[in-house]
Amino acid sequence: MPSKIWEYDVFISYAREDSDWVNEHVYRPLLRCRTAVEGRRPRIFFDVSEEGIATGENFVAALLRGLRNSRRIVPVYSDIYFQKPMCRWELYMAFLLDPMNDRGRINPILKDRSASKSVPPYISHVQYTSVSLDNWFQRLLAALDLRAIEAQPTLEFRTQPHDITVSHTLLPIQVAIAGADEGPPGEEEEITVSCEGAKIEGSSTIMTKDRVATFADLSIPVELESTRLTATAKGFDPVRSASF
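As a starting point, this report considers the structure included with it. Per chain, the residues get numbers from 1 upward, laid out in the order the sequence is written. This being a predicted model, a pLDDT of at least 70 is required before a residue's local features are given, and a value of 80 or more before pairs of side-chain atoms are given or counted; all residues contribute to the totals for chains, interfaces and linings. Values reported for side chains reflect all heavy atoms of the structure, with hydrogen atoms and water molecules removed beforehand.

### A closer look at the overall build of the protein
Helix and strand counts for the protein stand at four helices and 14 strands. Each principal axis of the C-alpha distribution contributes one length, and for the protein these read about 65 × 35 × 35 Å. Throughout, a contact is declared for two residues whenever any of their heavy atoms are within 4.5 Å. Within the protein, counting contacts between residues at least 6 apart in sequence, those at least 24 apart form 65% of the total. A total accessible area of about 12,800 Å² is found for the protein, and carbon and sulfur atoms account for 50% of it. Secondary structure elements follow DSSP: runs of H or I of four or more residues count as helices, runs of E of two or more count as strands, with numbering from the N terminus. The accessible surface values rely on the Shrake-Rupley method and a 1.4 Å probe; as for residues, cover is taken only from the protein chains in view.

In structure tokens, the structure reads:
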């Protein structure tokens, strides 16, 4: 029988009050990893991300869809987590999907040591990984069937912008993915360019081809003394152009 094709590799269950910590220490680091088999970036259900809850979507239905269609579920145990009805609901739904965790779908991490006292009895048999351990993230990756990449790819402006007249089109700008161990050949990325101090006009989001995105119709509608462009892509640190 063929293995199930999952919509998401990971579902992150967390309390909104912990969102900054989760974004910095869990979500973004996971985006920089690759799946152990296919070597691609993991698809992660993080409710506030592009792959989370869509605009206008019923959020309860979206969470349930994400839970059901995720290969692995990562509850972030914290003191506030067990006080939140929605977090408790997500955890219970995860439990129902794999009650004995025979398939290893539930992989909790313990953010706050004191939260261990609040773990419900029905799921206390599922071992968590404490972030107090030096190698907690490596242990999490192993449980999620993900691998870290040794040299992180980065974004770089292959061509720099030059001074223009207001509302005139910039010369073509190229943003490239650079660095070793970038993933399998042909894996392309969606790159977005923005402008400091103004809303840029034109096609500001482009899919790379051979790891290069070419922005050919960008213009700036207002006069600025100086500005610079910022390029962003999922799983990459933002990069800024030279001022112009």
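That was the structure; now back to the text.
### A word on helix H4 (residues 136–144)
Listed as buried for H4 are Trp136, Phe137, Leu140, Leu141 and Leu144. Around the axis of H4, the buried residues are gathered within 140° of arc, so they sit on the same side. If you follow the buried residues of H4, they end up packed against strand E1 (8–13), helix H1 (19–31), strand E4 (70–77), strand E5 (109–110), strand E6 (129–130) and strand E7 (146–147). Backbone geometry just downstream of H4 places Asp145 in the positive-phi region, at approximately 60°. Using a 1.4 Å probe on the protein chains alone, a residue whose accessible area is under 20% of its type maximum counts as buried, one over 50% counts as exposed, and one in between counts as partly exposed. Directions from the helix axis toward the C-beta atoms define the arc.

### Things to note about helix H3 (residues 85–97)
What a helix should span is 1.5 Å times the count of its residues minus one. Helix length check: H3 (13 residues) gives 19 Å between terminal C-alpha atoms against 18 Å at 1.5 Å per residue, within 8%. Along H3, the residues that are buried comprise Cys87, Glu90, Leu91, Met93, Ala94 and Phe95. In this structure, the buried side of H3 is in contact with E1, helix H2 (59–68) and E4.

### A word on the packing of aromatic side chains
Geometry of aromatic contacts follows a simple scheme: Phe, Tyr and Trp rings, the Trp one being its six-membered ring, pair when their centres are within 6.5 Å, and the pair is stacked under 30 degrees between planes, edge-to-face over 60, tilted otherwise. As enumerated under the stated definition, the model contains 13 aromatic pairs in all. Ring geometry for Trp21 versus Trp136: centroids 6.2 Å apart, planes at 25°, classification stacked. Within this pair, whereas Trp21 is found in helix H1, its partner Trp136 is found in helix H4, the two being separated by 115 residues in sequence. Comparing Trp21 with Trp136, the two get one shared label, buried. Ring pairs connect the aromatic residues Tyr77, Tyr81, Phe82 and Tyr128, which therefore count as one cluster. We note Lys111 situated over the ring of Trp21; from NZ or CZ to the ring centre the distance is 5.7 Å. Only when the NZ atom of a Lys or the CZ atom of an Arg is both within 6 Å of the ring centre and within 35 degrees of the ring normal do we say a charge sits over the ring.

### Here we look at the pattern of salt bridges
In a structure, side chains of opposite charge can pair up when their charged atoms sit close to one another. Whenever a carboxyl oxygen of Asp or Glu lies within 4 Å of a side-chain nitrogen of Lys or Arg, that contact is scored as a salt bridge. For the structure on display, the rule yields 16 salt bridges. A salt bridge links Asp112 to Lys111, with the nearest nitrogen and oxygen atoms 3.3 Å apart. Accessibility expressed as a relative area gives 19% for Asp112, which makes it buried. The structure contains a network of salt bridges with shared partners spanning Asp9, Glu38, Arg40, Arg71, Arg72 and Asp145.

### Looking at the pairing of strand E13 (residues 229–233)
A large share of E13 lies buried, amounting to four of its five residues. Should DSSP find at least two bridges between two strands, the strands are taken to pair. In terms of strand pairing, strand E10 (residues 190–195) meets E13 through five bridges, oriented antiparallel. The residue of E13 that forms the bridge with Cys195 is Leu229. Sheet analysis places E13 next to strand E14 (residues 239–240), joined by two bridges and oriented antiparallel. Bridging across to E14, Thr230 finds its partner in Arg240. Hairpin connection from E13 to E14: five residues lie between these consecutive antiparallel strands, with Gly235 at a positive phi of about 85°.

### Digging into the sheet that holds E6
With parallel pairing, five strands are arranged side by side in an open sheet as E3-E1-E4-E5-E6. The open sheet has two edge strands with one neighbour each: strand E3 (44–45) and E6. Sheet topology places E5 next to E6; two bridges connect them, and they run parallel. What sits directly across from Ile109, in E6, is Thr129. Running over the sheet, H1 touches E1, E3, E4 and E5 and is turned about 175° from E1. Every axis corresponds to a line fitted to the C-alpha atoms, with the helix fit spanning only the stretch in contact, and the corresponding angles, defined between N-to-C directions, vary from 0 to 180 degrees. Along the sheet, H4 makes contact with E1, E4, E5 and E6, crossing E4 at roughly 150°.

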